[in-house]
Number of protein chains: 2
Amino acid sequence: MTQQTRPGGVQSVGRALDILELIDQSGGEMALVEMSAASGLPMPTIHRLVRTLVDRNYLRQLPDRRYALGSRLIPLGNAALDAFGSRSSSKLADVVRRLGESANLAALDGDMLVYVGQAPSPRAMRMFTQLGQHVHPHCRAAGKALLAQLDDDAVRGILDRVGMPKVTEATITDPDEFIEHLARVREEGVAHEYGEMEDGVICLALPVVGGVSRLALSISGPAARMTDALQERAIPVMREVAGELAVQLAG
Amino acid sequence: MTQQTRPGGVQSVGRALDILELIDQSGGEMALVEMSAASGLPMPTIHRLVRTLVDRNYLRQLPDRRYALGSRLIPLGNAALDAFGSRSSSKLADVVRRLGESANLAALDGDMLVYVGQAPSPRAMRMFTQLGQHVHPHCRAAGKALLAQLDDDAVRGILDRVGMPKVTEATITDPDEFIEHLARVREEGVAHEYGEMEDGVICLALPVVGGVSRLALSISGPAARMTDALQERAIPVMREVAGELAVQLAG
DNA sequence: TTCCATTATTCCGTATTATGGAGTGTAAAT
DNA sequence: ATTTACACTCCATAATACGGAATAATGGAA
């Protein structure tokens with residue numbers, strides 16, 4: 001029972017996608033019985049769906065008859081990443097050049113935050129961000145910047161569904177407090193994050209408005225380097241680049 | 001009419017995958033009518049499938065009502081890449097540092113060769129390899145290294161099914177000649193490729209034995225730089241790294 | 001602005017298609 | 001050799017996806 005069947009959708013397609021996501025969540029490989037147990041579907045049904053996915057290389061069968069994600073997903077993932085914002089990398093590199101800290105571009109994917117563009121800082125100590133990684137939005141500056149663009153009810157819905165895990169001491173875990181926090185983000189037009197995702201890491205984010213899909217531009221670095229002075233210097237730079245990105249990603 | 005319906009497969013799932021691939025091939029976005037035309041399926045059918053994919057974030061609808069690949073594909077693509085062997089990149093970078101030429105890691109995916117890891121040469125003129133790209137194995141050093149591990153009948157089956165397109169003047173297009181060629185690869189333990197994929201490009205590959213899935217490590221560069229001296233120097237380095245990779249990817 | 005052509009979306013009766021219980025095959029464990 | 005556990009196949013059933021026809025939304029032309 002991974003996903004609810006939506007009205008107007010195609011059942012078997014939904015089930016096939018469930019299988020892909022199930023395998024992904026289970027660390028990359030799964031036996032047929034495990035899928036059957038996890039999804040609540042009988043073995044023959046699972047088997048037929050898996051067979052279809054294997055025929056098309058979306059899954060592959062390992063020598064021990066277990067199943068793993070297939071290679072056809074790789075080019076699709078790359079293409080999707082491109083379509084989102086890899087054309088942004090030169091702009092992100094620009095931010096890094098001018099501020100010296102890692103820059104990221106993130107989008108809301110359903111209820112989670114996904115990183116779609118990234119430029120690492122040249123410094124040895126820097127944030128490591130995996131493109132395509134899905135993370136909880138409540139403990140990231142970029143997540144706040146994006147959620148601040150939704151109305152409170154929508155935000156509450158998201159927080160309800162995915163929860164607010166306490167990642168560090170500073171993580172906001174109370175929905176009411178978070179919503180209040182978002183109000184300040186809306187006022188300032190900038191989202192801050194002080195060690196809510198990782199101790200000693202400070203992030204700054206602002207929304208890229210006007211683009212195709214709602215994106216947020218963020219920078220992150222260790223507290224020692226993310227001084228108030230740097231933050232003040234960063235905001236106009238980020239605003240400028242966010243504007244350029246909005247134009248660039250609109251077409 | 002993108003793909004033939006296989007026996008035992010689920011029709012609607014196949015059609016959904018067709019749509020994803022269609023959009024990928026069409027440069028990332030498509031209107032419903034275009035999909036309908038390209039697939040030969042009526043609009044309502046396409047619409048229902050697309051709807052299912054949009055609900056699940058495998059597609060997203062742009063403001064102009066066209067459709068593009070969705071963000072849910074990104075983590076799946078990453079996971080698939082990982083499952084294949086992208087944890088290899090530091091080792092590949094090592095090869096590049098020591099030899100100065102681009103290094104790749106490739107696997108057989110069904111009958112085709114797929115690149116699962118890559119480290120580009122620092123030189124301006126270098127091979128451009130797209131991760132996840134599927135190519136014919138007969139005109140790549142890595143493909144030869146992998147096919148050399150199969151028996152001749154299996155190789156003949158693959159060549160039959162995917163064909164041996166003549167990519168350059170040097171491409172081997174005769175199955176018998178190719179099989180004979182593989183015998184030499186087995187003797188030497190190294191696969192060579194002299195401009196069979198692109199004029200003036202020389203590649204060298206050897207198998208990574210012992211890993212989970214059969215992989216091949218290759219380097220490639222322009223003929224002017226891939227001198228006999230470099231090749232001789234390269235082979236022990238590659239053998240060493242291939243050994244390390246085998247250990248690393250076994251767990 | 002209105003009109004028209006094009007495309008997206010919804011409806012719904014039909015029968016094609018996916019379903020899953022029962023049964024067979026296979027490989028590893030005891 | 002026997003058991004167990006899982007992968008895989010078959011096939012009658014009906015639930016599900018299908019697609020023709022109708023409707024709504026859109027963007028461009030007059």
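Data block above holds the structure.
Thresholds applied
- Residues numbered from 1 in each chain as written.
- Chains lettered and ligands numbered in written order.
- Predicted model: local features only at pLDDT ≥ 70, side-chain atom pairs only at ≥ 80, totals over all residues.
- Heavy atoms only, no water.
- Helix = DSSP H or I, 4+ residues; strand = E, 2+ residues; numbered from the N terminus.
- Buried < 20%, exposed > 50% of the residue type's maximum accessible area, 1.4 Å probe, protein only.
- Contact = heavy atoms within 4.5 Å.
- Areas by Shrake-Rupley, 256 points an atom, 1.4 Å probe, with all protein chains shown as cover.
- Lys, Arg positive; Asp, Glu negative; His and termini not counted.
- Charge placed at Lys NZ, Arg CZ, Asp CG, Glu CD.
- Salt bridge = Lys/Arg side-chain N within 4 Å of Asp/Glu carboxyl O.
- Buried area = accessible area lost by both parts, 1.4 Å probe.
- Polar contact = N/O pair within 3.5 Å; in protein donor to acceptor, adjacent residues only side chain to side chain.
- Pairing = 2+ DSSP bridges.
- Near = heavy atom within 4 Å.
- Nonpolar A, V, L, I, M, F, W, Y, C, P; charged D, E, K, R; others polar.
- Least-squares fit on C-alpha atoms with pLDDT ≥ 70 in both.
- Axes fitted to C-alpha atoms, helices over the stretch in contact; angles between N-to-C directions.
- Left-handed = near helix turned anticlockwise from the far one by under 90°.

1. Points about the overall build of chain A
In terms of regular secondary structure, chain A is built from nine helices and nine strands. Over its C-alpha atoms, taken along the principal directions, chain A stretches across nearly 60 × 40 × 35 Å. Each of the 251 residues in chain A was classed as buried or not, and the buried ones make up 54%. Residue pairs in contact within chain A that sit at least 24 positions apart in sequence constitute 57% of those at least 6 positions apart. Working note: accessible area of chain A is about 11,100 Å², and carbon and sulfur atoms make up 50% of it. Averaged over its 26 positive side-chain charges, chain A has a centre that lies 8 Å from the centre of its 31 negative ones.

2. Some details on the pattern of salt bridges
Think of it this way: side chains of opposite charge can pair up when their charged atoms draw near. Using the criterion set out here, one finds 28 salt bridges over all chains in the structure. The shortest N-O distance in the salt bridge between D18 of chain B and R56 of chain A comes to 2.3 Å. Of this pair, D18 of chain B sits in helix 1 (residues 11-25) while R56 of chain A sits in the loop between helix 3 (43-55) and strand 2 (59-61), placing the two residues on different chains. Accessibility classification places D18 of chain B together with R56 of chain A in one group, the buried group.

3. Some points on the interface of chain B and chain A
Counting residues at the interface gives 48 residues for chain B and 50 residues for chain A. Together, the buried faces of chain B and chain A total about 4,400 Å²; carbon and sulfur atoms form 61% of this surface. Counting across the interface, chain B meets chain A through six salt bridges. With a shortest N-O distance of 3.8 Å, R72 of chain A and E21 of chain B are connected by a salt bridge. Put simply, chain B and chain A have 11 residue pairs in polar contact (both at pLDDT 80 or more) between them. Among the secondary structure elements, those contributing two or more residues to the side of chain B that touches chain A are helix 1, helix 3 (43-55) and helix 4 (73-84) of chain B. The element best represented in the side of chain B that touches chain A is helix 4 of chain B, accounting for 11 residues.

4. A closer look at the side chain of T171 of chain B
Residues and elements named next belong to chain B. Turning to its location among the elements, T171 is positioned in the loop between helix 7 (152-162) and helix 8 (175-188). A polar atom in the side chain of T171 sits 2.8 Å from the backbone nitrogen of T168. Excluding its chain neighbours within four sequence positions, the residues that come into contact with T171 are H138, C139, P165, K166 and E196.

5. Notes on the sheet that holds strand 7 (residues 191-194) of chain B
Residue and element names in this part refer to chain B. Across the sheet, which stays open at both edges, the six strands sit in the order 6-5-4-9-8-7 with antiparallel pairing between neighbours. For this open sheet the edge positions go to strand 6 (134-135) and strand 7, each flanked by a neighbour on one side alone. Of the pairings in the sheet, the one linking strand 4 (residues 102-109) to strand 9 (residues 215-222) comprises six bridges and is antiparallel in character. Bridged to A103 within strand 9 is I219.

6. Regarding the protein's contact with DNA strand C
Surveying the vicinity of DNA strand C reveals 19 residues, the closest of which are T45 and R48 of chain A together with Q11, V33 and Y67 of chain B. When atoms of DNA strand C within 4 Å of the protein are split into backbone and base, the sugar-phosphate part holds 76%. Measuring from a phosphate oxygen of DNA strand C, one finds a side-chain N or O atom of R48 of chain A at 2.6 Å. Between a phosphate oxygen of DNA strand C and a side-chain N or O atom of Y67 of chain B, the distance comes to 2.7 Å. Among the elements of the structure, helix 1 (11-25) and helix 3 of chain A together with helix 1, helix 2 (32-39) and helix 3 of chain B are those that each provide at least two residues to the surface near DNA strand C. Among the residues forming the surface near DNA strand C, the class breakdown is nine nonpolar, seven polar and three charged.

7. Points about the relation of the copies chain B and chain A
At an RMSD of 1.7 Å, chain B and chain A line up after a rotation of 172° and a shift of 0.7 Å along the axis. Here 96% of the interface residues in chain B have copies in chain A that are interface residues too; the copies meet face to matching face.

8. Here we look at the packing of helix 1 of chain A against helix 3 of chain B
Interhelical geometry of helix 1 of chain A versus helix 3 of chain B gives an angle of 30° and a closest axis separation of 10 Å. As for how helix 1 of chain A packs across helix 3 of chain B, the hand of that crossing is right-handed. Between helix 1 of chain A and helix 3 of chain B, the residues in contact are V13, G14 and L17 of chain A and L49, T52 and L53 of chain B, respectively. Of the residues belonging to the contact of helix 1 of chain A with helix 3 of chain B, the class tally is four nonpolar, two polar and no charged.

9. Details of the protein's contact with DNA strand D
Close to DNA strand D lie 20 residues; Q11, V33 and Y67 of chain A together with T45 and R48 of chain B are nearest. Contact between DNA strand D and Y67 of chain A: a phosphate oxygen at 2.5 Å from a side-chain N or O atom of the residue. Side-chain polar atom of T45 of chain B to a phosphate oxygen of DNA strand D: 2.7 Å apart, as the coordinates give it. Elements represented by at least two residues in the surface near DNA strand D include exactly helix 1, helix 2 (32-39) and helix 3 of chain A together with helix 1 and helix 3 of chain B.

10. Here's the deal with the environment of H192 of chain B
All names here are of chain B. Structurally, the position occupied by H192 is in strand 7. Residue class for H192 comes out buried when judged on its relative accessible area of 17%. Each C-alpha atom, one on H192 and one on R56, is 45 Å from the other, the two residues being 136 residues apart in sequence. Sequence-distant contacts of H192, defined by excluding residues within four places in its chain, comprise A141, K144, H181, C203, L204 and Q231. Among the polar contacts listed, one links the side chain of H192 to the side chain of Y194, at a separation of 3.4 Å. Polar contacts involving the side chain of H192 include one to the side chain of Q231, which spans 3.5 Å.

This is a description of form; function is not addressed.
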